[in-house]
Amino acid sequence: MENPINNKIPSPQTFIRLTKEEQEEIAKLNSIKEFKKGTLLLREGAIPSTSFFVFEGLVRKFKTVDAEELTIEFYAENEAVFSVSS
């Protein structure tokens, strides 16, 4: 079965030329996981080690302020979700 990621995300070939072997190595790095509603993907203050791509559903980015959740951003289908730490 072809990796569905290949149908959603622009190919690296759009930006640089890759050999068939390089393409295969990059494809090995991709994995698809399904998360249940309410799953916490990254805790506030944690250093991110991965990124996500929303195939279906919605992801909400939030932080806690004075014991209340403050929504920062929403990520919809066909959007990449990642966090940059400094």
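Our subject is the structure listed above.
Let us look at the structure shown here. (Residues numbered from 1 in each chain as written. Predicted model: local features only at pLDDT ≥ 70, side-chain atom pairs only at ≥ 80, totals over all residues. Heavy atoms only, no water.)

## Focus: the overall build of the chain
Regarding its fold elements, the chain presents two helices and four strands. Along the chain, helices and strands appear, N-terminal first, in the series α-α-β-β-β-β. Burial analysis of the chain (86 residues in total) assigns 7% to the buried set. Residue pairs in contact within the chain that sit at least 24 positions apart in sequence constitute 38% of those at least 6 positions apart. Summing over all exposed atoms, the chain offers an accessible surface of approximately 7800 Å²; the carbon and sulfur share of this is 52%. (Helix = DSSP H or I, 4+ residues; strand = E, 2+ residues; numbered from the N terminus. Buried < 20%, exposed > 50% of the residue type's maximum accessible area, 1.4 Å probe, protein only. Contact = heavy atoms within 4.5 Å. Areas by Shrake-Rupley, 256 points an atom, 1.4 Å probe, with all protein chains shown as cover.)

## Structural notes on the pairing of strand S2 (residues 59-65)
Note: S2 against strand S3 (residues 68-75), seven bridges, orientation antiparallel. The partner of Lys63 across the bridge, within S3, is Leu70. Counting the residues between successive antiparallel strands, the hairpin from S2 to S3 contains two residues, one of them, Asp66, with a positive phi of roughly 50 degrees. (Pairing = 2+ DSSP bridges.)

## Here we look at unusual backbone geometry
Even without a glycine there, the phi angle at Ala67 is positive, about 65 degrees. Within the element layout of this structure, Ala67 appears in the loop between S2 and S3. Positive phi values are uncommon outside glycine, yet Asn78 reaches one of about 70 degrees. Assignment of secondary structure puts Asn78 in the loop between S3 and strand S4 (79-81).

## Some remarks on the packing of aromatic side chains
This structure, assessed with the given rule, holds two aromatic pairs. Taking 5.9 Å as the distance between ring centres and 80 degrees as the angle between the ring planes, the aromatic pair formed by Phe35 and Phe52 counts as edge-to-face. Note that Phe35 is positioned in the loop between helix H2 (20-29) and strand S1 (52-54) and Phe52 in strand S1, a separation of 17 residues in sequence. Phe35 sits in the partly exposed class, given a relative accessible area of 41%. (Phe/Tyr/Trp six-rings, centres within 6.5 Å; stacked < 30°, edge-to-face > 60°.)

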